[in-house]
Amino acid sequence: MIECTTTSNATFNATKRISESAAEIVRARTPTYVPPRLVKSAGKHKALSPKKAVTKRSENPIKKFTRTDSSTNSTTNYKSKSTCTTFESKQTNKSNTRSKSTGIIRSKQPRAGPKPDQAGTECFDDCTSLDWNEDTFTEPNEVDDERDDFDPESSKTYWTIQSIYQGGQEVVLFPLCKYDTNTTINELLEVLEDIKGERENIIIKKRVISDRNSMMFFKFGPRAVEFNAVRGAFRRAGFGRLKRDDENCKFDTFNSMWSKHLPNQDFGKLKEFQKVNHFPGSFELGRKDTLHRTMGKMRDRHGLEYDFYPKSYSWPESQNELNMDISNSNGKNLYIVKPKASSCGRGIKVINKLSQVKCKDCIIQRYIPNPLLIDNKKFDLRIYVGVTDFHPLKIYMFQEGLVSSNKDIKDKYAHLTNYSINKHSDTFETSEEGDAGSKWTISALKKYFKDNKVDDSMLWRGIEDIIIKTIISADDTVNSMMARTIKSKKNVCYEVFGFDILVDDYLKPWLLEVNVSPSLSSSSAMDRKIKTRLIANLMNLVGFEVCDRRKLKDDAKKQADANLFYKSHAKVKRSIHQLKEVTSQQLNNYMTPCEMKVCQELDDEHRRRGMFTRLFPCKDTKYNKYFVNERYKNVLVQKWIQNKM
Ligand code: ADP
């Protein structure tokens, strides 16, 4: 789904209209759940030993559902702290005045009025436009809370992360702190903290660009929300900002566009130095109805391996099946009604009879009646997932995330834990520390589990498993859309998904929905910290290459090469077969230079992953069977990483 960025009164009222009777059903039917290993004692949670907790149940709850390890290739504990950074010693003079030689023209226009973004903070949209053919560059007016007195010279100075391979990618570093031309490495240490695992392998360089064709620019697409986290990330990295387009997007000189989902034909206009924050076809996961359909198909093919998505029915099409389910359960099952293309809890209702369905076009899902409660609160997890390519498929999970809980299971919003609803609840609290109130961080939750001696390792493995399987379910659609729409030789798309996960009292994670445009607005310092880090880390992972646009512009031959891989489908199929026969020892000799580059890029990306953990590709082949079509590059990179120790 696309996440709402504001909660209107209408939403709130709609939520309030959740019938008292439905809320009553929930209250009456929802027993007072005790988390598996936590009991309340004298106002404090007391941990039971895992053994005791298990004997409280007739069987080991973990055995009730099958999980296998999803092996990841990530390493999160790092020993060496040493840095091996190289710098250009040459420093440019800091200049706060607009130099004529830079060609930068200060905007003479008055500032446009502030537009509220989701957090209620102000965002402005008053940049002069950049015309490729004229000697003009925009000067963004930075007026949000991350004001940093933009220095046009900084658009010509970048810190970059080098590839360890000769001729490999050199990408712009997205720091967490502001810097200018005089910044030293110490001032950039904050972002290096995020790259901690690979410090010794990360080579950072200061690049001063003399040619304005190599300057970096970003813009927001038409109607895209201007999140401070996004704007701040590009500004700190030194990108200049281009004017946003009103309706139709102009595919001019930007390197990055943060946009709403593009119309399919627009993906074809992207040039190889450009990147947008969506893949064509990723909507497959983002809408409740398409996710329901996709998950249904995967369940038909793979049975219980896709049982992490609650059994759902499309209304009115599957009325008979739903009716049967209700009668089989003797009215004991509860269902949650969700309008197909809604968000922010709009129109959501809990029912146990068909007669209670008032919605014309919705998804009706089995209600998870036994959520894990912490301090009597139900909660949802928001996990951020970065996908940097679908061919080869590369999935990363952000280590930090959000936990939104409601105040009390007796609260009338008890069955809805999304933030936009609960911020209207009288009992809603936020925490700056990240471990109290209605919003927590994932790390605070992990600490809570640890303090209470709850073994949560299966929970996190289960979540990784859900992420990989869910993204794979969209692989076929996205790849065929990419083949049809994208003309650029290089991958020009990436995406950040917000996975909403509910945990039950067996510590089993359930997928509720996937947000293709997760809200990145911040309502507290904790929120801001997470989202700022998320975007800076994501951009480092994605990698924006410093390149000369003019050289690449309208290069017809390169464009023609672009589709070679996709179009020669038959050849690819034969090659997969050959590739599979290749042994690890033969791999290096077998690969073409292009294939070698794909593998080297995977390595470089992994080195820049910062707070992300790579989930896919992984050495384990157990996920391969979920792909509808086996893909050459997936086999290739898997062989490549299997080859490493
Ligand atoms: P929206 O996109 O409108 O926010 P969600 O699917 O995220 O809709 O549902 C809103 C809230 O309802 C969730 O945060 C969760 O607390 C609750 N919820 C949704 N589906 C279920 C379910 N199957 N079982 C229990 N609670 C659910």
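Residues numbered from 1 in each chain as written. Predicted model: local features only at pLDDT ≥ 70, side-chain atom pairs only at ≥ 80, totals over all residues. Heavy atoms only, no water.

## Brief notes about the overall build of the protein chain
Turning to step 1, where the next piece is worked out: Looking only at helices and strands, the protein chain features 21 helices and 23 strands.
Turning to step 2, where the next piece is worked out: Of all 645 residues assigned to the protein chain, the portion counted as buried reaches 59%.
Turning to step 3, where the next piece is worked out: Across the protein chain, every contact between residues at least 6 apart in sequence was considered, and the portion connecting residues at least 24 apart equals 73%.
Turning to step 4, where the next piece is worked out: Carbon and sulfur atoms make up 49% of the accessible area of the protein chain, which totals about 27600 Å². (Helix = DSSP H or I, 4+ residues; strand = E, 2+ residues; numbered from the N terminus. Buried < 20%, exposed > 50% of the residue type's maximum accessible area, 1.4 Å probe, protein only. Contact = heavy atoms within 4.5 Å. Areas by Shrake-Rupley, 256 points an atom, 1.4 Å probe, with all protein chains shown as cover.)

## Observations concerning the sheet that holds strand E6 (residues 171-172)
Turning to step 1, where the next piece is worked out: Read across the sheet, three strands follow the order E6-E5-E7 without closing on themselves; strand pairing throughout is antiparallel. The open sheet has two free edges, formed respectively by E6 and strand E7 (203-208), since each of these has just one partner strand.
Turning to step 2, where the next piece is worked out: As paired strands, strand E5 (residues 157-162) and E7 are joined by six bridges and run antiparallel to one another. In the strand pairing of E7, threonine 157 is matched with valine 208. (Pairing = 2+ DSSP bridges.)

## Things to note about the side chain of threonine 160
Turning to step 1, where the next piece is worked out: On the secondary structure map, threonine 160 appears in strand E5.
Turning to step 2, where the next piece is worked out: Only 3.0 Å separates the side chain of threonine 160 from the side chain of glutamine 162, close enough to count as a polar contact.
Turning to step 3, where the next piece is worked out: A polar side-chain atom of threonine 160 sits 2.8 Å from a polar atom in the side chain of glutamate 170.
Turning to step 4, where the next piece is worked out: For threonine 160, the residues in contact, after removing those within four places along its chain, are Glu170, Val171, Val172, Leu173, Ile203, Ile204, Lys205, Arg207 and Val546. (Polar contact = N/O pair within 3.5 Å; in protein donor to acceptor, adjacent residues only side chain to side chain.)

## Looking at the packing of aromatic side chains
Think of a pair of aromatic rings as described by two things: how far the centres are apart, and how the planes are tilted against each other in angle.
Turning to step 1, where the next piece is worked out: Under the criterion given, the structure shown has 16 aromatic pairs.
Turning to step 2, where the next piece is worked out: Seen in terms of ring centroids, phenylalanine 174 and phenylalanine 239 are 5.5 Å apart; in terms of plane orientation they differ by 40°. Their pairing is tilted. Remark: phenylalanine 239 occurs in the loop between helix H5 (228-237) and strand E9 (240-241) and phenylalanine 174 occurs in the loop between E6 and helix H4 (189-194); sequence separation between them is 65 residues. With respect to class, phenylalanine 174 is no different from phenylalanine 239; both count as buried.
Turning to step 3, where the next piece is worked out: Taking 5.0 Å as the distance between ring centres and 10° as the angle between the ring planes, the aromatic pair formed by phenylalanine 218 and phenylalanine 234 counts as stacked. Placement of the pair is phenylalanine 218 in strand E8 (residues 217-220) and phenylalanine 234 in helix H5, with a sequence separation of 16 residues.
Turning to step 4, where the next piece is worked out: Taking the relative accessible area as the measure of exposure, phenylalanine 218 reaches 1% and is therefore buried.
Turning to step 5, where the next piece is worked out: On the accessibility criterion, phenylalanine 234 (1% relative accessible area) is buried.
Turning to step 6, where the next piece is worked out: In this structure an aromatic cluster arises from ring pairing among Phe174, Phe218, Phe220, Phe234, Phe239, Tyr494 and Phe544.
Turning to step 7, where the next piece is worked out: Residue placement shows lysine 469 over the ring face of tyrosine 306; its charged tip is 5.9 Å from the ring centre.
Turning to step 8, where the next piece is worked out: One Lys or Arg, lysine 508, reaches over the ring of tryptophan 510 and ends 4.5 Å from the middle of that ring. (Phe/Tyr/Trp six-rings, centres within 6.5 Å; stacked < 30°, edge-to-face > 60°. Lys NZ or Arg CZ within 6 Å of the ring centre and 35° of its normal.)

## Brief notes about the sheet that holds strand E12 (residues 312-315)
Turning to step 1, where the next piece is worked out: Across the sheet, four strands lie side by side as E12-E15-E13-E14; this open sheet has antiparallel pairing. Here the strands that pair on one side only, and so sit at the sheet edges, are E12 and strand E14 (349-351). The mean angle between the axes of side-by-side strands here comes to 30°, regardless of whether they run parallel or antiparallel.
Turning to step 2, where the next piece is worked out: Where helix H9 (residues 319-328) meets the sheet, it contacts E12, strand E13 (335-339) and strand E15 (362-366), and its direction lies at approximately 135° from that of E12. (Axes fitted to C-alpha atoms, helices over the stretch in contact; angles between N-to-C directions.)

## Comments concerning the pairing of strand E23 (residues 612-616)
Turning to step 1, where the next piece is worked out: Counting buried residues in E23 gives five out of five residues, a clear majority hidden from the surface.
Turning to step 2, where the next piece is worked out: In this structure, strand E18 (residues 393-398) lies alongside E23, joined through four bridges in antiparallel fashion. The residue of E23 that forms the bridge with isoleucine 395 is phenylalanine 616.

## A look at the side chain of lysine 338
Turning to step 1, where the next piece is worked out: Inspection of the secondary structure assignment puts lysine 338 in strand E13.
Turning to step 2, where the next piece is worked out: Discounting residues that sit within four places of it in the chain, lysine 338 has contacts with Lys288, Ile348, Cys362, Ile363, Gln365 and Leu512.

## A word on the nonpolar core
Turning to step 1, where the next piece is worked out: Leu381 and Ile383 are the most contacted members of the largest nonpolar core, which has 102 residues in total.
Turning to step 2, where the next piece is worked out: The dominant element in this core, judged by the number of residues it contributes, is helix H14 (residues 525-542), at nine residues.
Turning to step 3, where the next piece is worked out: In this structure, isoleucine 383 is in contact with Met397, Ile442, Trp460, Ile463, Ile467, Phe497, Gly498, Phe499 and Ile501, ignoring residues within four places of it in sequence.
Turning to step 4, where the next piece is worked out: Formed by 14 residues, the second largest nonpolar core is a distinct cluster that contains Val582, Cys599, Val635 and Ile641. (Core = buried A, V, L, I, M, F, W, Y, C linked by side-chain atoms within 4.5 Å.)

## Observations concerning unusual backbone geometry
Turning to step 1, where the next piece is worked out: Cis geometry marks the peptide bond from histidine 391 to proline 392; its omega dihedral reads 5°.
Turning to step 2, where the next piece is worked out: Relative to the helices and strands, proline 392 resides in the loop between strand E17 (377-390) and E18.
Turning to step 3, where the next piece is worked out: A cis geometry characterises the amide bond from phenylalanine 616 onward to proline 617, with omega recorded as 5°.
Turning to step 4, where the next piece is worked out: Note that proline 617 resides in the loop between E23 and helix H21 (632-643).
Turning to step 5, where the next piece is worked out: A positive phi angle, near 65°, is found at arginine 223, a position not held by glycine.

## Quick notes on the pattern of salt bridges
Turning to step 1, where the next piece is worked out: Applying the stated criterion across every chain, the model contains 24 salt bridges.
Turning to step 2, where the next piece is worked out: For the salt bridge of glutamate 226 with arginine 244, the shortest nitrogen-to-oxygen distance reads 3.1 Å. One end of the pair, glutamate 226, is in the loop between E8 and H5; the other, arginine 244, is in the loop between E9 and strand E10 (256-258), and 18 residues separate them in sequence.
Turning to step 3, where the next piece is worked out: The partner of lysine 269 in a salt bridge is aspartate 266, with the nearest N and O atoms 2.9 Å apart.
Turning to step 4, where the next piece is worked out: Overall, lysine 269 belongs to the partly exposed group, its relative accessible area being 41%.
Turning to step 5, where the next piece is worked out: One salt-bridge network, in which partners are shared between bridges, spans Glu226, Arg231, Arg241 and Arg244. (Salt bridge = Lys/Arg side-chain N within 4 Å of Asp/Glu carboxyl O.)

## Description of the environment of cysteine 359
Turning to step 1, where the next piece is worked out: Positionally, cysteine 359 belongs in the loop between E14 and E15.
Turning to step 2, where the next piece is worked out: Given the relative accessible area of 22%, cysteine 359 is considered partly exposed.
Turning to step 3, where the next piece is worked out: C-alpha separation for the pair cysteine 359 and lysine 338, spaced 21 residues apart in sequence, amounts to 8.5 Å.

## Brief notes about the confidence of the model for the protein chain
Turning to step 1, where the next piece is worked out: Residues with a pLDDT of 70 or more make up 63% of the protein chain, whose mean pLDDT is 72.
Turning to step 2, where the next piece is worked out: Under a pLDDT of 50 for its full length, residues 4-150 has, in the predicted model, 319 contacts with residues more than four places off or in other chains.
Turning to step 3, where the next piece is worked out: Every residue in residues 419-430 scores below 50 in pLDDT, and together they form 34 contacts with partners more than four places removed in sequence or on other chains. (pLDDT = per-residue confidence, 0-100.)

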